[in-house]
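# Coordinate analysis (summary)
Here's the letter readout for the chains.
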Amino acid sequence: MSIPKHIADTVTLNNGVRMPWLGLGVWQAKDGEQVVNAIRSAVEIGYRSIDTASFYHNEEGVGRAIRECGVNRDELFVTTKVWNDDQGYESTLKAFESSRRKLGLDVIDLYLVHWPVKGKFVDTYRALEKLYREGSVRAIGVSNFLEPQLHELLAQCEVIPAVNQIEFHPLLTQPSLRSLCREKGIQLEAWSSLMQGNLDLPLLKELAAKYGKSPAQIILRWDLQRGVVTIPKTVTPSRLAENAALFDFELSEEDAAAIDALNKGRRFGPDPLTFV
């Protein structure tokens, strides 16, 4: 894997589609001016990937920002997700049309199953395969799938997921899941990269001082060097700029391994095995 050197750098997914290594997550960004302004600021800085979901209730604002941000649609990579209440084959197809309408887009770059709802996620993914085959989405994938759910899906799907978006950070590195995804050619993408602001770890402070960066920048750089796409969320322009300042330094392998060793299997979000 070549380590990304610039905010515009991309990873090639298993179907040949190119996805930016760094993106903006808009969970909890309010629909309307807040999410529009956040995306506008992000695009000015150089972000080209935006991650939303129907559950975020801000797809209309994201769509408006895409139209108003000043760059061509084909320069942007837009992800959205089908929520749990809409899972199932037919209901997923309807949910997709709702998301597409709100976003104002003919084609979505990446469409994900938001959570592995028991008894439904295989049929939900079948709907994503239909959307992919007909060209309504450029890539499909899953979110919050752990090994058991991924094995169940892989045994029945026709299109290998391009992405698995999971909770991933120094306290939750999920090595066995990462190994499975590497084996199957599934790109890992991190949510909650910054541990919901719980950055007060001595090693992160030490490395921040060593490299002249913030603890957040140390974590995000570690994501990239471990081959994980990352989408930190913020609506603050200064934080957007800070989160993007990752491409002028590189962690030594020794320091990256020390971050690996922080793993405690600690979740800040729900456990996918019990959540749905």
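Up top you'll find the structure we're talking about.
Parameters and conventions
- Residues numbered from 1 in each chain as written.
- Predicted model: local features only at pLDDT ≥ 70, side-chain atom pairs only at ≥ 80, totals over all residues.
- Heavy atoms only, no water.
- Helix = DSSP H or I, 4+ residues; strand = E, 2+ residues; numbered from the N terminus.
- Phe/Tyr/Trp six-rings, centres within 6.5 Å; stacked < 30°, edge-to-face > 60°.
- Buried < 20%, exposed > 50% of the residue type's maximum accessible area, 1.4 Å probe, protein only.
- Salt bridge = Lys/Arg side-chain N within 4 Å of Asp/Glu carboxyl O.
- Axes fitted to C-alpha atoms, helices over the stretch in contact; angles between N-to-C directions.
- Parallel < 35°, antiparallel > 145°, perpendicular 65-115°, else oblique.
- Left-handed = near helix turned anticlockwise from the far one by under 90°.
- Contact = heavy atoms within 4.5 Å.
- Nonpolar A, V, L, I, M, F, W, Y, C, P; charged D, E, K, R; others polar.
- Pairing = 2+ DSSP bridges.
- Core = buried A, V, L, I, M, F, W, Y, C linked by side-chain atoms within 4.5 Å.

Glancing now at unusual backbone geometry. Among all residues except glycine, the phi angle is most often negative; among peptide bonds, the trans geometry is most common. In the Ramachandran plot, asparagine 144 falls in the positive-phi region, its phi being about 65° despite a non-glycine side chain. Tracing the chain through its elements places asparagine 144 in the loop between strand E7 (137-143) and helix H5 (147-154). Backbone geometry at serine 192 places phi at a positive 55°, although glycine is not the residue there.

Note on aromatic pairs: each is described by the distance of the centres and the angle between the planes. As enumerated under the stated definition, the model contains 8 aromatic pairs in all. An angle of 70° between the planes, with centres 5.0 Å apart, marks the rings of phenylalanine 96 and tyrosine 111 as edge-to-face. In this pair, phenylalanine 96 sits in helix H3 (residues 89-103) while tyrosine 111 sits in strand E6 (residues 108-113), placing the two residues 15 residues apart along the sequence. Judged by relative accessible area, phenylalanine 96 falls into the buried class, the value being 0%. Residue classification places tyrosine 111 among the buried positions, given a relative accessible area of 0%.

Right, let's talk about the pattern of salt bridges for a bit. Taken as a whole, this structure holds 19 salt bridges when the rule is applied. Ionic pairing is found between lysine 81 and aspartate 51, a salt bridge with its closest N-O pair at 2.7 Å. Note that lysine 81 is positioned in strand E5 (residues 77-82) and aspartate 51 in strand E4 (residues 49-51), a separation of 30 residues in sequence. For aspartate 51, a relative accessible area of 2% translates into the label buried. Taken together, the shared-partner salt bridges connect Glu33, Arg40, Arg64 and Glu68 into one network.

All right, on to the packing of helix H7 (residues 202-211) against helix H10 (residues 253-260) then. Closest axis-to-axis distance for the H7/H10 pair is 11 Å, and the angle between their directions is 160°. It follows that H7 is roughly antiparallel to H10 by the angle criterion. Considering how the two elements wind past one another, H7 and H10 form a crossing that is left-handed. Each of Leu203, Leu207, Lys210 and Tyr211 in H7 lies in contact with H10, whose residues at this interface are Asp255, Ala258 and Ile259. Looking at the contact of H7 with H10 residue by residue, the classes come out as 5 nonpolar, no polar and 2 charged.

Take the sheet that holds E4 next. Here 8 strands make up an open sheet; going across it, the order is E3-E4-E5-E6-E7-E8-E9-E10 and the pairing parallel. In this open sheet, the two strands that pair with only one neighbour each are strand E3 (24-25) and strand E10 (229-230). Across 5 bridges, E6 lies against E7 in parallel orientation. Paired with leucine 112 across the bridge in E7 is glycine 141. Sheet strands touched by H3: E5, E6 and E7. Its angle to E6, the strand with the most contacts, is close to 140°.

Among the nonpolar cores identified, the biggest contains 92 residues, and Val26, Ile39, Tyr125 and Leu150 are the most heavily contacted of them. If we ignore the near neighbours within four places in the chain, the residues touching valine 26 are Val35, Ile39, Ile50, Asp51, Thr52, Tyr56, Asn58 and Val62.

Turning our attention to the packing of helix H1 (residues 33-45) against helix H9 (residues 237-244). One can describe the packing of H1 onto H9 by two numbers: an axis separation of 10 Å at closest approach and a directional angle of 35°. The interaxial crossing formed by H1 with H9 has right-handed handedness. Contacts from Ala38, Ser41, Ala42 and Ile45 in H1 reach Pro237, Leu240, Ala241 and Ala244 in H9. Taken together, the residues of the contact of H1 with H9 break down into 7 nonpolar, 1 polar and no charged.

Functional significance is not addressed by these values, which are geometric in nature.
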